[in-house]
Amino acid sequence: MTATVPPAPSENPIPDPAGRVELPPGAVLTDARFVNDDLLPVPLARRRWTTYNFTALWVGMAHNIPSWLLASGLVALGMDWKQAVVTIALANVIVLAPMLLTGHAGPKYGIPFPVLARASFGLRGANLPAMIRAGVACAWFGIQTWIGGQGIFVLLGKLFGGWAEASEVGGQPWTLWVCFVLFWALELAIIYRGMEALRRFENWAAPFVIVGALVLLVWVANKAGGLGPLLDQPSKLGWGADFWPVFFPSLMGMIAFWSTLSLNIPDFTRFGAGQRAQVWGQTLGLPTTMTLFALLSVFVTSGSQAVYGAAIWDPVQLAAKTDNVFGLLFALVTVLVATISVNIAANVVSPAYDLANLAPRFITFRTGALITGVVGVVIMPWKLTETPELYIFTWLGLVGGLLGTVAGILIADYWIVRRTRLDLTDLYTPGGRYWYTSGWNVHAVVAFAVGGVLAVGGSHSAPGKGPFPQDGLIPFLKPLADYGWAVGLAASLVVYVALTAGRRRV
């Protein structure tokens, strides 16, 4: 395949007042192993996402059922509502930092994450972090699709009745499988239309979901005559010795919730009109939205305690309590929009680019999206969300450690080693400055190995609660397991900088 970039008005690099860069005039990149139209830098004329677009993106992604359930998972582990909200808020402030740092290359160079990773890992080596990230995103896509399908199943069952009593296939009612498959197909149909369609969808989805969540709050507060006693429930852990062993792994789990996005955010910021748009858009959209959404989930659940005598953390189960047909239909549409907005943006875009980077000649962005959809089903997402321990400690903790390791290398290479200077042409050219040793940067691989082992080598599970040994995979690393994301990021960053000391380059 030959990819030709339209001529630009000046020499390489081609700056503009906002500091953005294009390929040199008339550049022709011919090696189909590393180039296709989806991986090329976005031309300056098409980099037009504004602060509102990025804020709306995050509002749309944060307002979803798994985000709503984060607080309930922490409360189930013994925290009170204040501890849960503080944990979620702190995690999102922390994860915002790598999000902004890795997002910088997007509006400046117009490149997606797999191409940015070529600068540190090499043209071939970039497939290592890309496939790790793709695997995680595919799993998340399956999880979100399963949860969305369950929401449709519950609400349609309330409308039509009899759905839950249908004959079972694979341990679930066949009607639930139908909802899952239909929802899966709808998501892929939307992303198949491309990134511009996604931008338009997120613009109106974000305010719609906010309105839906507020309507749920007003409805339950009205039925309760105020908020219930849940806000007065004491913590089972206190603030002493029992709290911290739960807090730190939970904090890492909450960070891991968005750790995939902290890597693949260039997939979106590459369409940004400038750094101000992505910085302000993400800052206004991520930590504020997630914190307010956690508070909203607590307040609504508190109201459900007062009305029904038991805390109902799942917004779908709560909405199903109404007998109003219009209310049920509104809740159904809100669940659809909320889940689609996060799942497509967070979990389809990234693996689609990653798979395209793996084999550009054969896999386009659209083909990668379809592969993501298939893999998301094969991993059986219904198994990953069975218990809070499996979901927060095992799943989120493990992927957070690995993705934090990749983030440390990207940040070290782009900000410390290269001082944000890249050669766009060489990012697509074998034999160039990012070719290293047959397309692999050994320094990045070593840093990844060290950071990864330190981050997840001590992974452990309580007896009967997970897949790991009670004493950890590597027992002497067990104390580090609760801090996997931070350990992985810091260790890989330090190792990479040490290995590349004195080799500062473009």
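Figured I'd write up the structure that's included with this text. (Residues numbered from 1 in each chain as written. Predicted model: local features only at pLDDT ≥ 70, side-chain atom pairs only at ≥ 80, totals over all residues. Heavy atoms only, no water.)

### Here we look at the environment of leucine 329
In this fold, leucine 329 is placed in helix α14 (residues 325-347). Taking the relative accessible area as the measure of exposure, leucine 329 reaches 40% and is therefore partly exposed. Through-space distance from the C-alpha of leucine 329 to that of alanine 319 is 10.0 Å; in sequence the pair is 10 residues apart. (Helix = DSSP H or I, 4+ residues; strand = E, 2+ residues; numbered from the N terminus. Buried < 20%, exposed > 50% of the residue type's maximum accessible area, 1.4 Å probe, protein only.)

### Topic: empty space enclosed by the protein
Under the definition given, this model contains 1 cavity of 30 Å³ or more. Taken as a whole, the largest cavity spans an internal volume of roughly 70 Å³. For the lining of the largest cavity, the secondary structure elements donating two or more residues are α6 (127-160), α10 (259-264) and α14. The element contributing the most residues to the lining of the largest cavity is α14, with 3 residues. (1 Å grid on protein atoms, 1.4 Å probe; cavity = no way out; pocket = protein on both sides within 12 Å on 5 of 7 lines; lining within 4 Å. Points joined across faces, edges and corners; volume = space filled by probe spheres on them.)

### Focus: the environment of leucine 159
Looking at the secondary structure, you find leucine 159 in helix α6. Taking the relative accessible area as the measure of exposure, leucine 159 reaches 24% and is therefore partly exposed. Remark: the alpha-carbon pair of leucine 159 and aspartate 323, spanning 164 residues in sequence, is separated by 8.6 Å. Once you skip the residues sitting within four places of it in the chain, leucine 159 turns out to touch Val325, Leu328 and Leu329. (Contact = heavy atoms within 4.5 Å.)

### Here we look at the side chain of threonine 55
For threonine 55, the position within the fold is in helix α1 (residues 51-62). When its relative accessible area of 17% is taken as the criterion, threonine 55 is described as buried. In this structure the side chain of threonine 55 is engaged in a polar contact, spanning 3.3 Å, whose partner is the backbone oxygen of glycine 281. Among residues more than four places away in sequence, those in contact with threonine 55 are Trp280, Gly281, Leu284 and Gly285. (Polar contact = N/O pair within 3.5 Å; in protein donor to acceptor, adjacent residues only side chain to side chain.)

### Focus: the pattern of salt bridges
Counting across every chain of the model gives 5 salt bridges. Put simply, aspartate 267 and arginine 133 hold a salt bridge, and the shortest N to O gap is 3.1 Å. Taken as a pair, aspartate 267 in helix α11 (residues 266-269) and arginine 133 in helix α6 lie far apart in primary sequence, 134 residues in all. Each of the two residues, aspartate 267 as well as arginine 133, counts as buried. In this structure, the salt-bridge partner of aspartate 413 is arginine 418, at a minimum N-O distance of 2.7 Å. Arginine 418 matches aspartate 413 in its accessibility class, with the two residues each being buried. (Salt bridge = Lys/Arg side-chain N within 4 Å of Asp/Glu carboxyl O.)

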